[in-house]
Amino acid sequence: MTVGDTLYNVDMTIQILPDEVASQIAAGEVVERPASVVKELVENALDAGAGQITIRVAGAGQRLVEVQDDGCGISPEELQLSVTRHATSKLRTAEDLFRIATLGFRGEALASIGSVSQMSITSRQAGIETGARIHVVGGKVEGFQPAGAPQGTTVRVEELFFNVPARRKFLKKEITERRQIDELVMRYAMAFPAVRFQLTQEERLSLQTSGSGDRKEALAAIYGVEYARQMLEVYALEEELKITGFISPTTLTRSNRKEIHFAINGRPVQDATLTAAAVQAYHTLLMVGRYPVVMIYIEMPSDSVDVNVHPTKAEVRFRDRDRVFSAVQRSIRKALLAYTPVPELRSQQAWQAFAWEPAAERSGSNWGGLEALQSPEDGTDEQGESLEIHAFTARQVPILRLVGQVAAAYLIAEGPDGLYLIDQHAAHERVLYEKFIAQESGSIPSQALLEPAYVELPPGGARLLDEQLATLSELGFDVKSFGRNTYLVRAIPVLLSGMDPSAALRVVVEDFEEDETPLLSQRRERLIARVCKRAAVKAGHALSNAEQQALLQDLERCESPRTCPHGRPTMIHLSVDLLERQFGRRGAR
Ligand code: ADP
Ligand code: MG
């Protein structure tokens with residue numbers, strides 16, 4: 001066979017693609033993953049004026065996504081039309097694009113989803129006695145018949161991508177897909193507080209709102225009452241821009257930007273500019289690497305924002321981007337400053353919180369029992385820049401003599417070779433960590449709580465925690481699932497006695513979000529490191545003399561005393577040599 005043969009064997013005549021093929025290609029843009037199906041179906045239900053939307057997901061959305069609504073319904077005649085491409089009841093002319101009030105308008109979703117799944121739609125319009133059902137397999141209508149149904153529409157999407165194996169391969173781990181769905185429904189439920197949402201994943205209820213119309217109530221249903229109570233309210237009116245919503249106080253932070261949400265004219269959007277504006281508003285008020293929780297509703301004339309940028313409509317284009325950016329930033333900042341007399345962070349704050357307590361009044365050295373002072377998270381900062389920090393050669397530290405505590409954050413100690421400044425938080429982190437690691441897995445002693453604690457997590461977090469429950473119990477936690485997204489903590493490791501159990505659980509969930517697939521082998525260590533970080537005494541906490549001594553001794557006994565489990569230094573060494581040079585006693589610079 002020659003090369004020419006193969007070339008001419010291919011039929012090169014131009015043909016119009018069969019509709020199913022064209023839809024399948026277009027589907028790639030609209031239906032990327034199971035969460036996109038949920039998104040399109042939920043949007044359709046909202047556009048149909050639903051007061052209640054029930055979503056059921058199985059097999060992380062690959063096996064089943066079912067969305068049921070009590071909206072206006074589709075007439076039997078239109079049912080067939082609804083699954084063909086560019087069939088929409090929401091847009092008539094290109095002009096209409098500039099005054100879109102509905103979430104959908106391209107008429108692509110149902111056709112696209114139908115072309116890559118086995119989909120059935122059952123619907124009955126108000127005032128009509130019987131409804132109808134249509135069944136579509138891989139883009140082909142395989143059945144159409146009258147069907148009894150409650151008013152509204154139920155769309156069942158099964159075996160997503162059954163005919164596009166390549167797409168299946170690109171799906172992420174099931175837990176990731178499930179979380180995407182949780183987060184997505186969460187955003188819509190927040191944006192539409194007057195709609196009653198219910199989401200069940202793998203037969204487990206993961207979100208439910210009342211549909212009362214009260215935003216704060218929706219916030220509480222989604223994030224938990226405790227969380228919602230702490231949120232600050234934003235209200236700003238600037239010409240034709242109205243900005244309202246909720247933001248977290250500076251004490252409530254996350255390790256990523258995932259919980260910064262916006263809705264523009266009721267449409268949930270993810271927009272880099274808006275996110276940046278929110279982060280900017282918190283500038284200098286949060287530690288580097290920490291992010292706020294934000295739910296902001298923006299209302300503006302529909303012609304000053306273009307939502308038709310991307311097929312999934314998650315991105316938007318503003319007519320005046322800068323104005324929106326600064327309005328959002330200003331309104332958040334204003335709310336923050338109004339509610340919190342905010343001290344600037346870092347070392348100053350440690351000084352402000354500085355308070356000596358007579359050593360005698362403080363109890364012994366139950367190191368696990370020290371309570372965390374809220375902020376600042378870490379005593380470490382860049383203050384030591386101008387000092388020459390000596391590279392440590394030896395792994396161990398010499399025997400140290402305690403001099404005292406300074407700034408309620410550092411211990412000063414003397415060694416044979418000079419002065420040591422020890423970061424109390426980092427040092428305690430190291431001590432706790434090594435004590436934990438030294439214990440045999442499974443035999444870590446735990447201490448029952450006098451009063452069991454109930455901890456409520458957002459749905460995504462609950463899912464993550466479920467994955468870690470086994471590891472947690474190895475570490476001495478007694479945690480049980482207690483209904484929807486709520487956990488009952490009955491015991492915590494003895495080493496952490498006195499620590500707020502809900503803080504311990506939250507840190508597990510929060511930190512695993514950043515890197516959701518930690519190697520199994522590392523999971524235990526990482527979990528321990530994170531829990532220790534949260535449990536360790538914070539900067540700003542005055543320590544009794546006995547506590548200072550105990551910390552120093554514990555640190556001396558550590559295998560790697562010079563860094564915290566996250567790799568930051570626990571101590572700065574000022575050698576006698578350095579001191580002499582600094583004081584101009586010798587070889588002055
Ligand atoms: P679009 O939403 O962009 O119009 P879709 O393909 O998502 O396109 O839906 C096509 C049409 O089917 C819609 O315009 C609407 O008339 C009808 N439809 C889809 N879902 C529903 C629903 N849940 N309730 C009522 N009508 C619906
Ligand atoms: Mg639609």
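The structure displayed is predicted, hence computed values, not measured ones.

Participant: Summarise the overall build of the chain; cite the residues concerned and give the values.
Facilitator: The number of helices and strands found in the chain is 18 helices and 22 strands. Out of the 589 residues belonging to the chain, those deemed buried represent 51%. In the chain, the share of contacts with a sequence separation of at least 24, taken over all contacts with a separation of at least 6, comes to 72%. Working note: accessible area of the chain is about 27500 Å², and carbon and sulfur atoms make up 52% of it.

Participant: Talk me through the environment of serine 326; I want residue IDs and the actual numbers.
Facilitator: Secondary-structure assignment places serine 326 in helix H11 (residues 321–339). Accessibility expressed as a relative area gives 24% for serine 326, which makes it partly exposed. Taking the C-alpha atoms as reference points, serine 326 and alanine 278, separated by 48 residues in sequence, lie 9.6 Å from one another.

Participant: So what about unusual backbone geometry? Which residues, and what values?
Facilitator: A positive phi is found at phenylalanine 161, a non-glycine position, where the angle reads about 65°. Of note in the backbone geometry, glutamate 239 takes a positive phi value of approximately 50° without being a glycine. On the secondary structure map, glutamate 239 appears in the loop between strand S9 (232–238) and strand S10 (241–247).

Participant: Which residues make up the pairing of strand S6 (residues 152–158), and what are the values?
Facilitator: Most of S6 is tucked away: five of the seven residues are buried. Across six bridges, the pairing between strand S2 (residues 64–69) and S6 is antiparallel. Bridge assignment links leucine 64 to a residue of S6, and that residue is glutamate 158. Looking at chain direction, strand S3 (residues 118–124) and S6 are connected through seven bridges and run antiparallel. Across the sheet, residue glutamine 118 finds its bridge partner in S6, namely glutamate 158.

Participant: Requested: an account of the sheet that holds strand S12 (residues 267–269), with residues and values cited.
Facilitator: Strand order in the open sheet made by the five strands is S9-S10-S13-S11-S12, with mixed pairing throughout. Every other strand in the sheet has two partners, leaving S9 and S12 as the edge strands with one partner each. Across this sheet, the average inter-strand angle for adjacent strands is 20°, counted without regard to direction. Note: strand S11 (residues 260–264) against strand S13 (residues 294–299), five bridges, orientation parallel. Across the sheet, the residue bridging to isoleucine 260 is valine 294, located in S13. Packed onto the sheet, helix H8 (residues 215–223) meets S9, S10, S11 and S13 and runs at close to 35° relative to S10.

Participant: So what's going on with the pattern of salt bridges? Residues and values would help.
Facilitator: Enumeration according to the criterion identifies 24 salt bridges in this entry. Close ionic contact of aspartate 554 with lysine 435 constitutes a salt bridge, the shortest N to O distance being 3.4 Å. Residue aspartate 554 is found in helix H17 (residues 545–556), and its partner lysine 435 is found in helix H13 (residues 424–438); the two are separated by 119 residues along the sequence. Notably, a salt bridge pairs aspartate 577 with arginine 581, separated by 3.5 Å at the nearest N-O pair. Here the residue aspartate 577 and the residue arginine 581 both occupy positions in helix H18 (residues 576–582), the gap between them amounting to four residues, near one helical turn. Classification of aspartate 577 by relative accessible area gives partly exposed; the value is 29%. Within the structure, one salt-bridge network assembled from shared partners comprises Arg56, Glu66, Arg156 and Glu158.

Participant: Tell me about the confidence of the model for the chain, and name the residues and values.
Facilitator: Overall, the prediction assigns the chain a mean pLDDT of 80, with 79% of residues at 70 or greater. Taken as a whole, residues 1–6 scores under 50 in pLDDT and shows one contact with residues more than four places along the chain or in a different chain. Of the regions scoring below 50 in pLDDT, residues 341–394 engages in 108 contacts with residues more than four places distant in sequence or in other chains.

Participant: Mind laying out the pairing of strand S7 (residues 196–201), listing which residues take part and the relevant values?
Facilitator: Inspection of the sheet shows strand S1 (residues 52–58) paired to S7 by six bridges, in the parallel sense. For arginine 56, the partnering residue across the bridge sits in S7 and is threonine 200. Across four bridges, the pairing between S7 and strand S8 (residues 204–208) is antiparallel. Paired with leucine 199 across the bridge in S8 is leucine 207.

Participant: For the packing of helix H10 (residues 272–281) against H11, give the residues involved together with the corresponding values.
Facilitator: Packed helices, taken two at a time, are described by the angle their axes make and the gap between the axes. Across the interface, H10 lies against H11 with an axial gap of 8 Å and an inter-helix angle of 35°. Both H10 and H11 take part in a crossing whose hand is right-handed. Along the contact surface, H10 presents Thr273, Leu274, Ala276, Ala277, Ala278, Gln280 and Ala281, while H11 presents Arg321, Val324, Phe325, Val328, Gln329, Ile332, Arg333 and Leu336. Counted by class, the contact of H10 with H11 contains ten nonpolar, three polar and two charged residues.

Participant: Quick one: what's the story with H13, residue by residue and with numbers?
Facilitator: Taking 1.5 Å as the rise per residue, H13 with 15 residues should run 21 Å; its terminal C-alpha atoms sit 21 Å apart, in good agreement. For H13, the tally of buried residues reaches twelve of 15 residues, placing the bulk of the element in the interior. When we look at burial in H13, the residues that qualify are Gln424, His425, Ala426, Ala427, His428, Glu429, Arg430, Val431, Leu432, Tyr433, Glu434 and Phe436. A side-chain oxygen of the first residue of H13 lies 2.9 Å from the backbone nitrogen of histidine 425; this N-cap is aspartate 423.

Participant: Any details on helix H7 (residues 174–191)? Residues and values, ideally.
Facilitator: The end-to-end C-alpha distance of H7 is 26 Å, a good match for the 26 Å that 18 residues give at a rise of 1.5 Å each. Most of H7 sits inside the fold, with 16 of its 18 residues counted as buried.

Participant: Which residues make up the sheet that holds strand S20 (residues 478–481), and what values go with them?
Facilitator: With respect to topology, three strands assemble into an open sheet ordered S19-S21-S20, the strand pairing being antiparallel. Looking along the sheet, the strands with just one partner apiece sit at the ends: strand S19 (446–456) and S20. Averaged over all pairs of adjacent strands, the angle between strand axes in this sheet comes to 15°, irrespective of strand direction. Sheet topology places S20 next to strand S21 (residues 486–493); four bridges connect them, and they run antiparallel. Considered in S21, the bridge of serine 481 is made with tyrosine 487.

Participant: So what's going on with the environment of glycine 498? Residues and values would help.
Facilitator: Mapped onto the fold, glycine 498 is located in the loop between S21 and helix H15 (501–514). You can call glycine 498 partly exposed: its relative accessible area is 48%. For the pair formed by glycine 498 and alanine 535, sequence separation is 37 residues and the distance between their alpha carbons is 9.0 Å.

Participant: Residues and numbers for the packing of aromatic side chains, please.
Facilitator: All chains considered together, the criterion is met by two aromatic pairs. Each ring, one from tyrosine 454 and one from phenylalanine 482, has its centre 5.1 Å from the other, and the planes form 65°; the classification is edge-to-face. You can see tyrosine 454 sitting in strand S19 and its partner phenylalanine 482 sitting in the loop between S20 and S21, a full 28 residues away along the chain. Over the ring of tyrosine 297 we find arginine 215, and its NZ or CZ is 3.6 Å from the ring centre.

Parameters and conventions
- Residues numbered from 1 in each chain as written.
- Chains lettered and ligands numbered in written order.
- Predicted model: local features only at pLDDT ≥ 70, side-chain atom pairs only at ≥ 80, totals over all residues.
- Heavy atoms only, no water.
- Helix = DSSP H or I, 4+ residues; strand = E, 2+ residues; numbered from the N terminus.
- Buried < 20%, exposed > 50% of the residue type's maximum accessible area, 1.4 Å probe, protein only.
- Contact = heavy atoms within 4.5 Å.
- Areas by Shrake-Rupley, 256 points an atom, 1.4 Å probe, with all protein chains shown as cover.
- Pairing = 2+ DSSP bridges.
- Axes fitted to C-alpha atoms, helices over the stretch in contact; angles between N-to-C directions.
- Salt bridge = Lys/Arg side-chain N within 4 Å of Asp/Glu carboxyl O.
- pLDDT = per-residue confidence, 0-100.
- Left-handed = near helix turned anticlockwise from the far one by under 90°.
- Nonpolar A, V, L, I, M, F, W, Y, C, P; charged D, E, K, R; others polar.
- Expected span 1.5 Å × (residues − 1).
- Polar contact = N/O pair within 3.5 Å; in protein donor to acceptor, adjacent residues only side chain to side chain.
- Phe/Tyr/Trp six-rings, centres within 6.5 Å; stacked < 30°, edge-to-face > 60°.
- Lys NZ or Arg CZ within 6 Å of the ring centre and 35° of its normal.

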